[in-house]
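The residues making up each chain are set out below.
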Amino acid sequence: MKYTEEHEWLRVEGDVVVVGITNHAAEQLGDVVFVELPEAGTEVSQDEEVVVIESVKAASDILAPLDGEIVEVNSPIVDEPSKVNEDPEGEAWFFKMKLEDMSALDELMDEAAYKNFIG
Amino acid sequence: MGDDLKTTVLNDLHVGLGAKMVPFAGYSMPVQYKAGVLKEHLHTRAAAGLFDVSHMGQVILRGPDVALALETLVPVSVAGLAENRQRYGFFTNDAGGIEDDLMIANRGDHLFVVVNAACKDADIAHMRATLEPRGITVDQINDRSLLALQGPQSEAALAALDPAVAGMKFMDVATVDLLGAACWVSRSGYTGEDGYEISVPNETAVALAEALLADERVEAIGLGARDSLRLEGGLCLYGHDIDTTTTPVAARLQWAIQKIRRTGGDREGGFPGADIILKELAEGAANARVGLRPEGRAPMREGVELFAEAEGGDPIGKVTSGGFGPTVGGPVAMGYVPTEKSEPGTVVYGELRGKRQPVQVAALPFVKPGFKR
């Protein structure tokens, strides 16, 4: 698993990466009540807003972790946003993307670095 | 900065329960406990929730014709309030706007009022400046905490400490002995549920909170759920849904202005902004506070602009508070629209992230009140 400073995790699955938010982020957000996902096929650049997520407290944007193309989105979480709180690092992934450059993953934090980052 | 925050007597209890503390109106207050906003909200509607509202201002007014004196500041019939009864009111200004909303209780030889935390210093200064010259003393009560117990099982939980509270009706007030302390209890609250507000001596506040929390029906509830509960209850949050620029008529609070204070009544007018407010009572206001149900799932929060059409045109109003309603199971909001657009069922459009989404004007409250009348 790789991690961004925006509290996203990335897991490599063949030639795509699965992206979601970390347990820590889900805890900080509080109860998630709304998720808006991008459309599959969307080309995205790093740090572009791709997902809107609203909790009982506030709206937040999830940014594209790297450059690439969204190839699949996890539609069930739109109907059941509470899954994001229940299983953010498993069932409640947000989207899968094909990276423009897989080696860009190397720039992201590994688990130890992320744990250190969130303190 | 954080060091300047005041704390309530229950602070250690909150922290011990795992509360997330946030600054609110100059106080460090629990926004949520471990369960989180959603579960706390639903628990309150299903059973009973305990809220620390000790940051609010508690004030005793005492003196000759104190009710008539207070009537010079509020468009409410205070003199017509029976002993041991409470009613909702608001301080108005010369422009007909609202300076704060408050609860007024007739406790026999004095009035007991509760005002918002953020406004309490200004309210007390306002009352001192206007009421003291009339021989009224204005005493801020600092040696008492304020707890709210809300939800359908509040009666059973509080009656376990003193059965007398079960006999109280909505908006009754009484002095009740709880854990040996004389508590000033009202059957009221701000969640749309049955419940009580309890003014308790500081030295007994922690013990009382712990005794109530020991009841398995009762959970500690933070300000986050307090906000979603009052929003579903159609209740105004001062500084958001009502403020110095909104009149009581535009805010649809005219029910709180009794006939006797209106045109033709025995004690007509005589409060700040009476000319404007009485005129609006007769002729209506240009805008109206309404309930709003955004279509779809996206919450519309405070500040979202409302439009008459799906495209083009200038904003016709805006959302003044909004979010997700856990009991409703979807987004709910309140806001202001032109009066001709205020009929329930009317469709307006809220602009969210650059896109206009349909919003239906809805009757308030969003949930059926559980008051024990």
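Scroll up for the structure.
This section reports on the structure supplied with the text. A quick note: this is a predicted structure, and the numbers were derived from the prediction, not measured.

Considering the overall build of chain A
The helix and strand tally for chain A stands at four helices and nine strands. Secondary structure elements in chain A, listed N-terminal to C-terminal, are β-β-β-α-β-β-β-β-β-α-α-β-α. Computed over the C-alpha atoms, the radius of gyration of chain A is 13 Å, within 12% of the 14 Å expected from 2.2 N^0.38 for a compact globule of 119 residues. Projected onto its principal axes, the C-alpha positions of chain A cover 35 × 35 × 20 Å. Considering chain A as a whole, with its 119 residues, one finds that 38% of them fall into the buried category. Look at the contacts in chain A between residues 6 or more apart in sequence, and 60% of them connect residues 24 or more apart.

Some words on the environment of Ala35 of chain B
Residues and elements named next belong to chain B. On the secondary structure map, Ala35 appears in the loop between strand E2 (27-32) and helix H2 (37-46). Expressed as a C-alpha distance, the spacing of Ala35 and Ala122, which sit 87 residues apart in the sequence, is 35 Å. For Ala35, the contacting residues outside a window of four places in its chain are Glu40 and Glu219.

What about unusual backbone geometry?
Glycine aside, the phi torsion of most residues is negative, and most peptide linkages are trans. Note that the residue after Leu364 of chain B, namely Pro365 of chain B, is joined by a cis bond; omega there is -5 degrees. By the secondary structure assignment, Pro365 of chain B is in the segment after strand E19 (355-362). A positive phi angle is found at His7 of chain A, which is not glycine, with a value near 65 degrees. Here His7 of chain A lies in the loop between strand E1 (2-3) and strand E2 (8-13). Of note, the phi angle at Leu179 of chain B is positive, near 55 degrees, even though the residue is not glycine. Counting through the fold element by element, Leu179 of chain B comes out in the loop between strand E10 (173-178) and strand E11 (181-186). Under the C-beta neighbour-count criterion, Leu179 of chain B is labelled partly exposed, with 15 such atoms within 10 Å.

Examining the sheet that holds strand E5 (residues 85-92) of chain B
Strand pairing in a sheet relies on backbone hydrogen bonds. The paired strands run either parallel or antiparallel. Residues and elements named next belong to chain B. Within the open sheet, the five strands sit side by side as E5-E6-E7-E4-E8. Their pairing is antiparallel. Sheet topology places E5 and strand E8 (137-140) at the edges, where each strand pairs with a single neighbour. Strand-to-strand twist across the sheet, computed as the mean angle between neighbouring axes with direction ignored, equals 25 degrees. Pairing of E5 with strand E6 (residues 98-106) involves eight bridges; the strand directions are antiparallel. Residue pairing for E6: Arg87 is matched across the bridge by Ile104. Set on the sheet, helix H4 (residues 120-131) makes contact with strand E4 (57-62), E5, E6, strand E7 (111-115) and E8; between it and E4 the angle comes to about 10 degrees.

What counts, and where the lines are drawn
Residues numbered from 1 in each chain as written. Chains lettered and ligands numbered in written order. Predicted model: local features only at pLDDT ≥ 70, side-chain atom pairs only at ≥ 80, totals over all residues. Helix = DSSP H or I, 4+ residues; strand = E, 2+ residues; numbered from the N terminus. Rg over C-alpha atoms; globule rule 2.2 N^0.38 Å. Buried ≥ 20, exposed ≤ 12 C-beta atoms within 10 Å, placed from the backbone. Contact = placed C-beta atoms within 7 Å. Pairing = 2+ DSSP bridges. Axes fitted to C-alpha atoms, helices over the stretch in contact; angles between N-to-C directions.

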